[in-house]
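Residue-level listing of the chains:
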Amino acid sequence: MEKRIAIIRGDGIGPEIMTQAIAVLDAVAAKFGHTFIYEEAPMGGNAIDAFGVPLPESSLATCLSCDSALLSAIGGPKWDTIDPAIRPEKGLLALRAGMKLYANLRPAEMIPQLKDACPLRPEIVEKGINFLVVRELIGGAYFGEHKTWEENGEMAAHDIMAYKEHEIRRIARVGFETAMKRNKKMCSVDKANVLDSSKLWRKIVNEMAPEFPEVELRHMYVDNAAMQLIRDPSQFDVIVTENLFGDILSDEASQIVGSIGMLPSASLGDGTCGLYEPIHGSAPDIAGQDLANPIGMILAAAMMLRYSLEMPEEAAAIEEAVNKTLESGLRTGDIMEEGMTRVGCKAMGEAIVKMIG
Ligand code: NAD
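Here the structure is a predicted model, which is why all the values come from computation and not from measurement.

The rules we used
- Residues numbered from 1 in each chain as written.
- Predicted model: local features only at pLDDT ≥ 70, side-chain atom pairs only at ≥ 80, totals over all residues.
- Heavy atoms only, no water.
- Axes fitted to C-alpha atoms, helices over the stretch in contact; angles between N-to-C directions.
- Helix = DSSP H or I, 4+ residues; strand = E, 2+ residues; numbered from the N terminus.
- Parallel < 35°, antiparallel > 145°, perpendicular 65-115°, else oblique.
- Left-handed = near helix turned anticlockwise from the far one by under 90°.
- Contact = heavy atoms within 4.5 Å.
- Nonpolar A, V, L, I, M, F, W, Y, C, P; charged D, E, K, R; others polar.
- Pairing = 2+ DSSP bridges.
- Disulfide = S-S within 2.5 Å.
- Near = heavy atom within 4 Å.
- Polar contact = N/O pair within 3.5 Å; in protein donor to acceptor, adjacent residues only side chain to side chain.
- Areas by Shrake-Rupley, 256 points an atom, 1.4 Å probe, with all protein chains shown as cover.
- Core = buried A, V, L, I, M, F, W, Y, C linked by side-chain atoms within 4.5 Å.
- Buried < 20%, exposed > 50% of the residue type's maximum accessible area, 1.4 Å probe, protein only.
- Right-handed = clockwise from strand over helix to strand, strands pointing away.
- Expected span 1.5 Å × (residues − 1).
- Arc of directions from axis to C-beta.
- 1 Å grid on protein atoms, 1.4 Å probe; cavity = no way out; pocket = protein on both sides within 12 Å on 5 of 7 lines; lining within 4 Å.
- Points joined across faces, edges and corners; volume = space filled by probe spheres on them.

Visitor: Would you mind showing me how to read the packing of helix α6 (residues 165–181) against helix α7 (residues 196–208) here?
Guide: Helix-helix packing is characterised by the crossing angle of the two axes and by the distance between the axes. In contact at an axis separation of 9 Å, α6 and α7 are set at 50° when each is read in the N-to-C sense. Taken as axis vectors, α6 and α7 run oblique relative to one another. By crossing handedness, the relation of α6 to α7 is classed as right-handed. Contacts between α6 and α7 involve Glu 165, Ile 168, Arg 169, Ile 171, Ala 172, Arg 173 and Phe 176 from the former and Leu 200, Trp 201, Ile 204, Val 205, Glu 207 and Met 208 from the latter. Here the contact of α6 with α7 is built from residues that sort into nine nonpolar, no polar and four charged.

In structure tokens form, the structure reads like this:
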């Protein structure tokens, strides 16, 4: 098969980890007889430097015309003080909106080789951790009106959290359908005791439930969910929630299962073209030093093969190669443990490529 993949190399550690992900994809292409054509789509701080905007129109067009898109991470201190209207994150928000990516899927699965890195007590970890956060991505407070003004001699600000029925319905559907492919349990997280947007959220989710009679549905307030995630994460299968709550809960989930450098995520819309990225940022503190863990980026490439390019066997080959590499004792600094062999970003990538064979 021939597939065109948009490549967003990003900022900070982005280019380093992307190089390793492409090497892994090339190994998969060679093994399974595919051709991957990579098309560069600059975005983020580097695009601001080169084009004056965080997301050039040509980059969005490239992403839309390719079969799928791979993104590393963007941003960094260099662009923290520039005009807020063209900051790197604006590029990411515009890309998600431009590609109409309303669902973010973040798996949180305990990798057995890394269970010692879990901050939870062993008796909690023993029960197993394997859930997926489905986060609404282009609505809610991040996309509502942001306003700061002066009133009676002091500053005031608001950010409007708004949801329309169709926005809730389409993300709830992703939640239900994902639950059907997993253990058929869905927990919808909201703050319906306080927020109107949450009351509507809960009403719509309940209305849709009869369409999915096999899915065991429950609702949980976000403050309780944050607590339950560390008290007993084994109770969760699929968590579906709105943008801001999902942002926070999925970061919490990533800490529970180990390093932030290990986890991928997928952003999907109605078509097959998605955006795949690791969950971490551009880690400017370790950029350019061959210290980054490329595994989250590599597993994002695997997710892309599974969800957008219909290559489940190829995706499994990458996941297996990552597991075997960890079994062999190699670790980047962020997941280093006693008795293991510390390697850099490049050596970790090369070891995974070798395992694919
Ligand atoms: P971060 O995820 O970049 O880093 C947090 C910590 O985790 C740092 O100590 C970093 O060294 C470490 N880390 C992250 N990824 C790692 C990896 N692959 N291997 C080893 N260690 C890793 O978050 P931050 O420091 O809050 O943000 C840094 C920059 O990234 C900011 O400009 C922020 O806006 C941006 N950011 C971008 C995205 C994105 O592109 N989707 C997401 C979050 C943050």
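After that view, the rundown keeps rolling.
Visitor: Honestly, the sheet that holds strand β3 (residues 68–71) in this entry has me stumped. Any pointers?
Guide: Remark on secondary structure: sheet strands pair via backbone hydrogen bonds, oriented parallel or antiparallel. The strand order across the open sheet formed by ten strands is β2-β1-β3-β12-β11-β4-β5-β10-β8-β9, and the pairing between neighbours is mixed. The open sheet has two free edges, formed respectively by β2 (35–40) and β9 (216–221), since each of these has just one partner strand. When the angles between neighbouring strand axes are averaged without regard to direction, this sheet yields 25°. Sheet analysis places strand β4 (residues 103–109) next to strand β11 (residues 264–268), joined by three bridges and oriented antiparallel. The residue of β11 that forms the bridge with Leu 105 is Ala 266. Most of the contacts of helix α9 (residues 243–256) go to strand β5 (residues 130–136), to which it runs at about 155°, and overall it touches β4, β5, β8 (185–190) and β10 (238–241).

Visitor: Which parts of the structure should I look at to understand the state of the cysteines?
Guide: One pass over the full model with this rule turns up zero disulfides. Cys 118 takes part in no disulfide bond, and the closest cysteine sulfur, belonging to Cys 187, lies 19 Å away.

Visitor: It is not clear to me how the site of the ligand should be interpreted in this structure. Could you clarify?
Guide: Taken together, 19 residues are adjacent to the ligand, and Ile 74, Gly 281, Ala 283, Asp 285 and Asn 293 come closest. In this structure, an oxygen atom belonging to the ligand sits 2.8 Å away from a main-chain N or O atom of Ile 74. At 3.5 Å from a nitrogen atom of the ligand is found a side-chain nitrogen or oxygen belonging to Glu 277. Computed on the free molecule, the ligand has an accessible area of 810 Å², of which 68% lies beneath the protein chains in the complex.

Visitor: How do you make sense of the nonpolar core when you look at a structure like this?
Guide: Within soluble globular proteins, side chains that are nonpolar generally end up buried alongside one another. The biggest cluster of nonpolar side chains holds 69 residues, and the ones touching the most others in it are Phe 36, Leu 70, Leu 305 and Ile 318. Once residues lying within four places of it in the same chain are set aside, the contact partners of Leu 305 are Leu 25, Val 28, Phe 36, Glu 310, Met 311, Pro 312, Glu 314, Ala 315 and Ile 318.

Visitor: How do you make sense of the pairing of strand β1 (residues 2–8) when you look at a structure like this?
Guide: Sheet faces and side chains relate simply in a regular strand, where the side chains alternate between the two faces. Of all seven residues in β1, five are buried; the element is thus mostly enclosed. Relative to β2, β1 runs parallel, the two being bridged by six bridges. If you follow Glu 2 over to β2, its bridge partner there is Thr 35. For the handedness criterion, the β-α-β arrangement of β1, helix α1 (residues 14–32) and β2 is classed as right-handed. Two elements, β1 and β3, share four bridges in a ladder whose sense is parallel.

Visitor: Any chance you could explain α7 here in plain terms?
Guide: Residues spaced three or four apart along an α-helix point in a common direction, a consequence of the helix completing one turn every 3.6 residues. Taking 1.5 Å of rise per residue, 13 residues should cover 18 Å, and α7 covers 19 Å from first to last C-alpha, within 8% of that figure. Turning to α7, its buried residues number three or more, namely Ser 197, Ser 198, Trp 201, Ile 204, Val 205 and Met 208. What you see down the axis of α7 is that its buried residues fit within an arc of 125°, all on one side. Turning to α7, the residues buried within the fold contact β5, α6, β8, β9, β10 and α9.

Visitor: It is not clear to me how empty space enclosed by the protein should be interpreted in this structure. Could you clarify?
Guide: Think of a ball as big as a water molecule: rolled over the atoms, this probe shows where empty space is left. Inspection of every chain in the model, using the stated rule, returns one cavity of 30 Å³ or more. By volume, the largest cavity is sized at about 40 Å³. Met 161, Tyr 163, Val 189, Asp 190, Ser 197, Ser 198, Trp 201, Glu 242 and Phe 245 together form the lining of the largest cavity. Here the lining of the largest cavity gets three residues from one element, more than from any other, and that element is α7. Taken together, the residues of the lining of the largest cavity sort by class into five nonpolar, two polar and two charged.

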